[in-house]
Structures are given as C-alpha cells and as structure tokens.
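Coordinate inspection notes
Below, each chain spelled out in residue letters.
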Amino acid sequence: ERVIGHEVGHLIDRVAGFVKQDGLDSELRHLYSDLNSRGWVSKWQKGAKPQDFEYVGDDVKRELMAEAIHAYRTNPNYIKTIAPKTAAAIRAAVNPNPLLNKIIQFNSFAPAAGLLDAGQPDSENKSAPKW
C-alpha cells in the first residue's frame, strides 16, 4: 500500500509537468527523512535520504517529490504543517492541470486543531504522522 502510494506520487508529479522544487530542498528532505526513517526501513533511525536507497542525480529530486505528494495525499495536515512551501508548490502544479484537476485536488485549508487526530505525531517520532 505504501509503495503504491509513493508510485502514484511519481505519476502525479510527471503528469503535472514535474513540480518545481526551487527553495524546497530543506522541506523535501525533512519529509523524506520523517517518512523513511522508521518502521520497515528502521535501518536509518534518523536522516534517511534517497541516496540511502541508491538513487542518484535527478532521480533524487523525483524521489523527494514523489514522497511529498504521497504525504499530501495521505495526510494533508501533516505536510501543510511540516512543509507549507512544498504543499503550496504541489497545489500550484496539480490543481490547475486539466489532466489532473478532475481526478484530484489538493486543498489549502487545514482543519482546526483537535478535529482530526491523523496529524498527531506518534510516540517514536514527534514530527512524523501515523501511517
């Protein structure tokens, strides 16, 4: 399920014409590290990066964005809190795209705190979502 979600992130990124990543490196790396430094990839306790999985060159950027899109699809409040510039870049690329906007829309509204517990950190990693 997690792998399919990540691969759907690649598809959305490609159809959107590749989401611009200027100025997003820090947020993207934070997201990637949070989402790949525990559970089934627990080999990296902190600081997982695409290079740990043998990605090089432009593939690193594509992996970072696919993971960010996956995060937005599965836990929008998390990405809007942890990586607001990245969330905005994804919305800017995806929402106006006529091939995507009838299938998926990323919203900019975050529900009031406490209404959803999906964005609450787990006990092991205070900034990571529970998924």
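Residues numbered from 1 in each chain as written. Predicted model: local features only at pLDDT ≥ 70, side-chain atom pairs only at ≥ 80, totals over all residues. Heavy atoms only, no water.

**Notes on the pattern of salt bridges**
Across all of its chains, the model carries four salt bridges by this definition. Across the pair Arg-2 and Glu-67 runs a salt bridge whose closest N-O atoms are separated by 2.8 Å. Of the two residues, Arg-2 is situated in helix H1 (residues 2–15) and Glu-67 in helix H3 (residues 58–74); the sequence distance between them amounts to 65 residues. For Arg-2, a relative accessible area of 23% puts it in the partly exposed group. Judged by relative accessible area, which is 1%, Glu-67 ranks as buried. For Lys-49, the salt bridge is made with Asp-52, and the minimal N-O distance between the two is 3.4 Å. A relative accessible area of 36% means that Lys-49 is categorised as partly exposed. (Salt bridge = Lys/Arg side-chain N within 4 Å of Asp/Glu carboxyl O. Helix = DSSP H or I, 4+ residues; strand = E, 2+ residues; numbered from the N terminus. Buried < 20%, exposed > 50% of the residue type's maximum accessible area, 1.4 Å probe, protein only.)

**Focus: the confidence of the model for the protein chain**
Confidence in the prediction for the protein chain averages 83 pLDDT; 76% of positions are at 70 or higher. Here residues 113–126 is modelled with pLDDT under 50, and outside its nearest four sequence neighbours on either side it reaches 20 contacts, counting other chains as well. (pLDDT = per-residue confidence, 0-100. Contact = heavy atoms within 4.5 Å.)

**Brief notes about a nonpolar patch on the surface**
Taken together, the side chains of Leu-11, Val-15 and Leu-99 define a hydrophobic patch exposed on the protein surface, amounting to about 280 Å² of accessible area. Tracing the backbone through its elements, the reader meets Leu-99 in the segment after helix H5 (84–94). The exposure class of Leu-99 is exposed, given its relative accessible area of 62%. (Patch = residues over 30% accessible without salt bridge, like charges linked within 9 Å, V, L, I, M, F, W, Y side chains within 5 Å. Areas by Shrake-Rupley, 256 points an atom, 1.4 Å probe, with all protein chains shown as cover.)

**Things to note about the packing of aromatic side chains**
With the rule as written, the count across this model stands at two aromatic pairs. Where Tyr-32 meets Phe-53, the ring centres are 6.4 Å apart and the plane angle is 70°; that geometry is what we call edge-to-face. Of this pair, Tyr-32 sits in helix H2 (residues 25–36) while Phe-53 sits in the loop between H2 and H3; the two residues are 21 residues apart in sequence, bridging distant segments of the chain. Given a relative accessible area of 3%, Tyr-32 falls into the buried group. (Phe/Tyr/Trp six-rings, centres within 6.5 Å; stacked < 30°, edge-to-face > 60°.)

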